[in-house]
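Structural description and commentary
Here is what each chain is made of, one letter per residue.
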Amino acid sequence: MYIPRAVDRLIKRAVEGKGVVLVTGARQVGKSTSLENVLPGRRYVTLDDPFLEDQANADSRTFMELNPPPVTIDEVQRAPVLFRYIKQACDRRRGEKGLYCLSGSQPFHLMKGVSESLAGRVRILEMSGLSLREINGDGCSEHFLPTEEFIVGRARSEKGNLPIWDVIHRGSYPELQEPGTIWNEYYADYVKTYLERDVRALAAVQDLGAFRQFMVAAASRTAQVLNYSNIADEIGKDVGTVKKWISILEASGIVYLLQPYASSELKRAIKAPKLHFRDSGLVSYLTRWLTSEQLSCGAMSGPVFESFVVSEILKSYSNEGLDYRDFVSYYRGRDKRKVRRDGEVVLEEGEIDLIIEENGVLYPIEVKKSSVPRASDTDCFQSLDAVTGRKRGCGAIICNCAAPTRLRENLMAVPVGCI
């Protein structure tokens, strides 16, 4: 059964307004299925077919003549030479809409030559895995913002009843929602296909076994500040190789590098990005947490929960047609502060897991898997008061609490289902 996607309405609107529509996203998130469902009856070709890929690269003019618009071309990043011919076709048929619908397993800003060829002619949409809203049949299309008005409204309309750790462990790929799909077999095939197709297409990686080992090392560091040297030491590779391989994971939609908040007033802030895997099921598979019960109680539960929450918030932006890179960041200071953990006082760096900046307001967010959040976990939010020209808005602790709760003035505890 087709699960309606938030991006469907964006595709329909884009086809009516642009000559070219490009849907990007990781392998198997549902790009082709969505395009076929939203735009039935169009010619469809996929460059995942080796014959068509060779033809598109070796004889692009003939390929274009054999596949005239309106046409959908899947995995278009495999033949970047086509963008020049698509530009020429759009110029000849100026004013016509919906000529070409393209999909690709690389983000638009990382596709070489696309921006130059199709600037002003293309509408770019990003498709992620299924969001929690889509899984639960929740039609909310607004991006997440931790204001009391938004959170209370979401609490009234939220109708999810699936155990959250089952959702986190299962993952967000559409095929996994089918009852007959065997979880570990699906991810084994996914990783194998990803290594053999996407990794080799993006870079000349000869040792796929070493790259698989690297993926496991990276997955064990989800929700951590990215330390290339640390990963390099673990897998026995140089830092340059690790940086290159991280860029492959980013380019193919497997990870997101959350950038630090940039402000001259926060002089002690760490400058490195934070690594987040975009699919919680893939992290669970790579780090060998084989059931949702084991994951929820295991050592990776906190980081996986945080990456899940961050990914859901990013989806809420892209599903509204917004570029989340313009809105989100994180903060970690180098100075230590005393905090009490499990009855002991320890030194800890101040950190804000996510900062959403909108209309000159900074909304700080802490992510905790606990069902009983503490206001003291957000003491670091005050660091944002030093930023001139920006106001600190309502903060939130996103957690497993049962209902939204005001913890103090300007601070809410937010159930994960209300994202």
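This report concerns the structure included in the present document. (Residues numbered from 1 in each chain as written. Predicted model: local features only at pLDDT ≥ 70, side-chain atom pairs only at ≥ 80, totals over all residues. Heavy atoms only, no water.)

Looking at the sheet that holds strand 6 (residues 224–225)
The three strands lie next to each other as 6-8-7, forming an open sheet whose pairing is antiparallel. In this open sheet, the two strands that pair with only one neighbour each are strand 6 and strand 7 (255–258). For strand 7 and strand 8 (residues 274–277), the ladder comprises four bridges, and the chain directions are antiparallel. Across the sheet, the residue bridging to Val255 is Phe277, located in strand 8. Each of strand 7 and strand 8 touches helix 16 (residues 301–318); the most contacted strand, strand 8, lies at about 80° to it. (Pairing = 2+ DSSP bridges. Helix = DSSP H or I, 4+ residues; strand = E, 2+ residues; numbered from the N terminus. Contact = heavy atoms within 4.5 Å. Axes fitted to C-alpha atoms, helices over the stretch in contact; angles between N-to-C directions.)

So, unusual backbone geometry
Residue Pro69 is joined to Pro70 through a cis peptide bond whose omega torsion reads 0°. With respect to the secondary-structure elements, Pro70 resides in the loop between helix 4 (60–66) and strand 3 (71–74). Its identity is not glycine, yet Arg288 carries a phi of approximately 65°, on the positive side. Structurally, the position occupied by Arg288 is in the loop between helix 14 (280–286) and helix 15 (292–297). The phi dihedral of Asn410 falls on the positive side, at around 70°, and the residue is not glycine.

Looking at the side chain of Asp74
Assignment of secondary structure puts Asp74 in strand 3. Lys31 is the oppositely charged side chain nearest to the buried, salt-bridge-free Asp74, at an N-O distance of 5.6 Å. Side chain to side chain, Asp74 and Thr46 meet in a polar contact 3.5 Å long. Apart from the residues lying within four places of it in its own chain, the contact partners of Asp74 are Ser32, Tyr44, Val45, Thr46, Leu47 and Ser103. (Buried < 20%, exposed > 50% of the residue type's maximum accessible area, 1.4 Å probe, protein only. Lys, Arg positive; Asp, Glu negative; His and termini not counted. Salt bridge = Lys/Arg side-chain N within 4 Å of Asp/Glu carboxyl O. Polar contact = N/O pair within 3.5 Å; in protein donor to acceptor, adjacent residues only side chain to side chain.)

What about the packing of aromatic side chains?
One pass over the structure, following the stated rule, counts 15 aromatic pairs. Considering the side-chain rings of Trp183 and Tyr285, the 6.0 Å spacing of their centres and the 70° angle between planes classify their relative orientation as edge-to-face. In this pair, Trp183 is assigned in helix 10 (residues 183–202) and Tyr285 in helix 14, connecting sequence segments 102 residues apart. Judged by relative accessible area, Trp183 falls into the buried class, the value being 7%. What makes Tyr285 buried here is its relative accessible area of 12%. Seen from their ring centres, Tyr186 and Tyr187 are 5.4 Å apart, and the 85° between their planes marks the pair as edge-to-face. When its relative accessible area of 7% is taken as the criterion, Tyr186 is described as buried. (Phe/Tyr/Trp six-rings, centres within 6.5 Å; stacked < 30°, edge-to-face > 60°.)

Section: the sheet that holds strand 2 (residues 43–46)
If you trace the five strands from one edge of the open sheet to the other, you get 2-3-4-1-5, paired in parallel fashion. Where the open sheet ends on each side, the last strands, each with one partner, are strand 2 and strand 5 (122–126). Taken over all neighbouring pairs, the strand axes of this sheet differ in orientation by 15° on average, direction set aside. In the packing of helix 1 (residues 7–17) onto the sheet, contacts are made with strand 1 (20–24), strand 4 (100–104) and strand 5, and the angle to strand 5 comes to roughly 175°.

Thoughts on the packing of helix 11 (residues 208–219) against helix 13 (residues 239–251)
With their axes 11 Å apart at the nearest point, helix 11 and helix 13 run at an angle of 75° to one another. In terms of axis orientation, helix 11 runs roughly perpendicular to helix 13. Listed contacts from helix 13 to Ala210, Phe211, Phe214, Met215 and Ala218 of helix 11 are Val242, Trp245, Ile246, Ile248 and Leu249. Here the contact of helix 11 with helix 13 is built from residues that sort into 10 nonpolar, no polar and no charged. (Parallel < 35°, antiparallel > 145°, perpendicular 65-115°, else oblique. Nonpolar A, V, L, I, M, F, W, Y, C, P; charged D, E, K, R; others polar.)

Overview of the pairing of strand 3
The alternating pattern of strand 3 places Val71 and Ile73 and Thr72 and Asp74 on opposite faces, both of which are buried. Looking at chain direction, strand 2 and strand 3 are connected through four bridges and run parallel. What sits directly across from Arg43, in strand 3, is Val71. Of the strand pairs in this sheet, strand 3 and strand 4 are connected by three bridges, and their pairing is parallel. Within strand 4, the position partnered with Thr72 by the bridge is Cys101. After leaving strand 3, the chain enters helix 5 (residues 82–92) and then returns to the sheet as strand 4, a path that is right-handed. (Right-handed = clockwise from strand over helix to strand, strands pointing away.)

A look at the pattern of salt bridges
A full pass over the atoms with the stated rule returns 25 salt bridges. With a shortest N-O distance of 3.1 Å, Lys192 and Glu196 are connected by a salt bridge. Of this pair, Lys192 and Glu196 are both found in helix 10, four residues apart, which corresponds to roughly one turn of the helix. A relative accessible area of 43% places Lys192 in the partly exposed class. Residue classification places Glu196 among the partly exposed residues on the basis of a relative accessible area of 39%. Between Lys274 and Glu306 there is a salt bridge, with the nearest N and O atoms lying 2.8 Å from each other. Pair noted here: Lys274 is in strand 8 and Glu306 is in helix 16, with a separation of 32 residues, a long-range link. Per residue, the accessibility class of Lys274 equals that of Glu306, and both read buried. One network of salt bridges, in which partners are shared, links Arg27, Asp48, Arg78, Arg197 and Asp198.

What to know about the environment of Gly153
Among the structural elements, Gly153 can be located in helix 8 (residues 148–157). Along the sequence, Gly153 and Cys418 sit 265 residues apart, while their C-alpha atoms lie 8.8 Å from each other.

Structural notes on the nonpolar core
Within soluble globular proteins, side chains that are nonpolar generally end up buried alongside one another. The biggest cluster of nonpolar side chains holds 94 residues, and the ones touching the most others in it are Phe211, Phe214, Leu249, Phe277, Ile313 and Ile356. Once you skip the residues sitting within four places of it in the chain, Phe211 turns out to touch Tyr194, Leu195, Val199, Val205, Trp245, Ile248 and Leu249. Membership of the second largest hydrophobic core comes to 23 residues, among which are Val45, Phe63, Cys90 and Leu99. (Core = buried A, V, L, I, M, F, W, Y, C linked by side-chain atoms within 4.5 Å.)

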